[in-house]
Amino acid sequence: MFRRFPLLVIRHLRSNSSTGQCQFSAAATDKQEKWDLYAGVLVERLPVVSKELNAIEKEFQEYLWKVEFEKSLKSNTELQHERDLKQAELLKKGQIDLDEAAAKQTVQDLKDAYTEELNKFQTASRTTADDKSKNLLSTNRSLDNTLYLLVEQSLGPKSHFLLPQGPRMDGETMRQAAERVVREKCGNNMEVQFYGNAPCGFYKYKYPSSAQQNSVGAKVFFFRASLKNGNVDKNASKSFAWMERDSLRDKLKNEKYVESVEKFLF
């Protein structure tokens, strides 16, 4: 049986057939490049309240309420209100005792009491003090949006705002590395919930030529987690920010990094 050779090798052999030497391209003998593995974590604070309805949504909501009201059966309160009206008519005609009717609390009395209590109720503002002061360190802002955590980290001689990330240690799974990264970069005052063991995104970058000693660059595998409670410990990371999606580019300067991150944002 004959072994098939790549076309490039056959041509190379033919070109050196006169000397009887077999030379192979340098690409076949090059040492394979080594990359460092990093775990990154997308920590998100999910919306606390729903977004305000726009004009079309409000109109549609009103329509649904009307349809539901027209198709619904009468409640016990409405049936009791009808009985109260009949009793009031009998009272006018003198067919029932006045003392007996006065001792009962009618549905209208309850409705008036509920209406008075409702008028005293005031809804909380959707805008917090941290919204007004633009406090990017707080999670108590932008309550109807998702906030994403960025932490300032050193890459070479410079510092950059990135999703929390760090190298995988020997013996760790990528999920374990991601959990350790959160503890190291954010401290122990913050509790998060990871969504799974599989990465949700990927990014790689090469080190500067002067820093390519054992590896040519880093491959970052991102995991997704949601904030349950707490916040970043300032002793662990002095500079961090909770950003809306539309504002991420203000902090993430690298365009390719932003494009990689935006692929797994909802």
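Keep in mind that what you see is a predicted model, and the values were worked out from it rather than measured.

### Quick look at the environment of Q193
- Along the chain, Q193 falls in strand β5 (residues 190–194).
- Of the residues examined, Q193 reaches a relative accessible area of 39% and is grouped as partly exposed.
- Remark: the alpha-carbon pair of Q193 and N229, spanning 36 residues in sequence, is separated by 9.8 Å.
- When sequence neighbours within four positions are dropped, the list of residues in contact with Q193 reads R224, A225, S226 and K228.

### Looking at the pairing of strand β3 (residues 158–162)
- As paired strands, strand β2 (residues 147–155) and β3 are joined by 5 bridges and run antiparallel to one another. Considered in β3, the bridge of E152 is made with F161.
- Hairpin remark: β2 followed by β3, antiparallel, with 2 residues in the connecting loop; positive phi at G156, about 70 degrees.

### Looking at the side chain of S226
- For S226, the position within the fold is in strand β7 (residues 217–230).
- With sequence-adjacent residues up to four places away left out, S226 is seen in contact with E44, L46, E191, V192, Q193 and Y195.

### Structural notes on the pairing of strand β1 (residues 35–45)
- Of all 11 residues that make up β1, 9 are buried, and the element is covered over most of its length.
- Bridge count for β1 against β2 is 2 bridges, and the pairing is antiparallel. In the sheet register, R45 faces β2, and the bridge partner there is L147.

### Some points on the nonpolar core
- L150, L163, F222, L248 and Y257 are the most contacted members of the largest nonpolar core, which has 22 residues in total.
- When contributions to this core are tallied by element, the ones reaching two or more residues are β1, β2, β3, β6 (201–206), β7, β8 (240–243) and α9 (255–262).
- Not counting the four nearest positions on each side in its chain, L248 is found in contact with Y148, L150, M243 and L265.
- Counting residues in hydrophobic clusters, the runner-up holds 20 residues, among them V41, L149, F194 and F223.

Scoring rules and cut-offs
Residues numbered from 1 in each chain as written. Predicted model: local features only at pLDDT ≥ 70, side-chain atom pairs only at ≥ 80, totals over all residues. Heavy atoms only, no water. Helix = DSSP H or I, 4+ residues; strand = E, 2+ residues; numbered from the N terminus. Buried < 20%, exposed > 50% of the residue type's maximum accessible area, 1.4 Å probe, protein only. Contact = heavy atoms within 4.5 Å. Pairing = 2+ DSSP bridges. Core = buried A, V, L, I, M, F, W, Y, C linked by side-chain atoms within 4.5 Å.

Everything listed is a geometric property; what it means functionally is a separate question.
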